Structures are given as C-alpha cells and as structure tokens.
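# Report on the structure
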Amino acid sequence: MDITLNGQKGSRIYAKKADGDFEAHLIALSCSDPPEGFAKWSLRLLADQVVELEYIDKVSHETIRQVLKKTNLNLGVARDGGFHQSRNGNFVACMEKVLEVYKRPYNPRLPVVCMDESPKQLIGETKTPITAAPGKDCQI
C-alpha cells in the first residue's frame, strides 16, 4: 500500500525460509509417490507434508510453487527424462546422499563445488585485451 500512496516500496524485510536443504527435500518429496488416497501431489499437500516432516516450521503453497518453478519441476506435466521419470525410492535415496555432502563442515582443502547450473558462456562479460609492449606498464 505504501507504493500506491507514497510512490515508494515499503521497508519490510522478510527472512528467507527456503534454503537449499529445504529445497532438496521438497524436490525429493515431490518426486515420490503421493500419500494414499491422492492421485498426485498438489502445492497445498506438499506444503502440509513438509511441515509434518519437520523440514520447515511453516510454509505457504506459494513458496512451494516458487521453489518448484525455479527448478523447472511442474507437478501437472509428465516429461521424458527429468524428475518425473525418476519417481522411485532410489532417486530419493540419491537426493539424500547429495544433501549430506552440502551439510559437511567447510574444509578449504576439500571445497564443495556445485555443478547443477546449466553451462553457459557469458559472452557479454568480455574485456578488451591489452597488448603487451616492452617498457610499457601493465594496467588492469
């Protein structure tokens, strides 16, 4: 309402609840079979289930939707490959192993490198090369 009346956004800051650990648990849960009596997962059913399993203290179905959208996981669409193809206990067990890696304490000798982003070359982030010449200072 502040933006409507005063032309500026409100100053309220919300703490982020959905961390990577929660997101991984949510994805694993959404790829598992729904509870008995349900044909498929709904956003509200997932929200209730993650609270019941104590992955998070409370969460809205909208947060669930945003997390699933971010991971391109659509509950209503079956796909060739991707998450829907792997709806089994083996997939969930593998997800839990991945979570354990990210929970390890930081060790500078054994860094954890996340490789789940799509590989893209950022060609817009180039610099003009500086030609080298004898007696010329390097300027970066």
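Structure: see above.
Think of each chain on its own: its residues are numbered from 1, step by step along the sequence as written. Restriction of local features to residues with pLDDT of at least 70 applies here, the model being predicted, together with a cutoff of 80 or more for giving and counting side-chain atom pairs; totals for whole chains, interfaces and linings are based on all residues. With hydrogens and water excluded, all non-hydrogen atoms of the structure serve as input to the side-chain values.

## Quick word on the overall build of the chain
Note the following rule: Put simply, DSSP marks the helices as runs of H or I at least four residues long and the strands as runs of E at least two long, and each gets a number from the N terminus on. We call a residue buried when its accessible area falls under 20% of the maximum for its residue type, exposed when it is over 50%, and partly exposed in between, using a 1.4 Å probe and counting protein chains only. Any pair of residues with heavy atoms lying within 4.5 Å of one another is described as a contacting pair. Only the protein chains shown count as cover for residues, and the accessible areas themselves come from Shrake-Rupley with a 1.4 Å probe.
Scanning the chain for helices and strands turns up five helices and zero strands. Going from N to C terminus, the chain has its helices and strands arranged as α-α-α-α-α. Sorting the 140 residues of the chain into buried and exposed places 21% on the buried side. Considering only residue pairs separated by 6 or more positions, the chain has 49% of its internal contacts joining residues 24 or more positions apart. Roughly 11,900 Å² of accessible area belongs to the chain as shown, and the carbon and sulfur atoms make up 53% of that amount.

## Points about a nonpolar patch on the surface
The line we're drawing: Only residues whose relative accessible area exceeds 30% and that form no salt bridge enter a patch; like-charged residues are grouped when within 9 Å of one another, and nonpolar side chains (Val, Leu, Ile, Met, Phe, Trp, Tyr) when within 5 Å. Think of a salt bridge as a Lys or Arg side-chain nitrogen and an Asp or Glu carboxyl oxygen that are within 4 Å of each other.
A contiguous nonpolar patch, built from Val98, Tyr102 and Val112 and spanning about 270 Å² of accessible area, is present on the exposed surface. Residue position: Val98 is located in helix 5 (residues 89–103).

## Thoughts on the packing of helix 3 (residues 43–52) against helix 4 (residues 61–70)
Helix packing for two helices is described by the angle between their axes and how far apart those axes are. Where we set the bar: Here an axis means a line fitted to C-alpha atoms, over the contact stretch when the element is a helix, while the angle between two N-to-C directions is reported on a 0 to 180 degree scale. These descriptions rest on fixed angle ranges, namely under 35 degrees for roughly parallel, over 145 for roughly antiparallel, 65 to 115 for roughly perpendicular, and the rest for oblique. We call Asp, Glu, Lys and Arg charged. Ala, Val, Leu, Ile, Met, Phe, Trp, Tyr, Cys and Pro are nonpolar, and the rest, Gly among them, are polar.
Two elements in contact, helix 3 and helix 4, have axes separated by 8 Å at closest approach and are oriented at 100°. As far as their axial angle goes, helix 4 and helix 3 are roughly perpendicular. The residues of helix 4 that touch helix 3, namely those facing Leu43, Arg44, Leu46, Ala47 and Val50, are His61, Ile64, Arg65 and Leu68. Split into classes, the residues belonging to the contact of helix 3 with helix 4 amount to six nonpolar, one polar and two charged.

These figures come from the coordinates and say nothing about function on their own.
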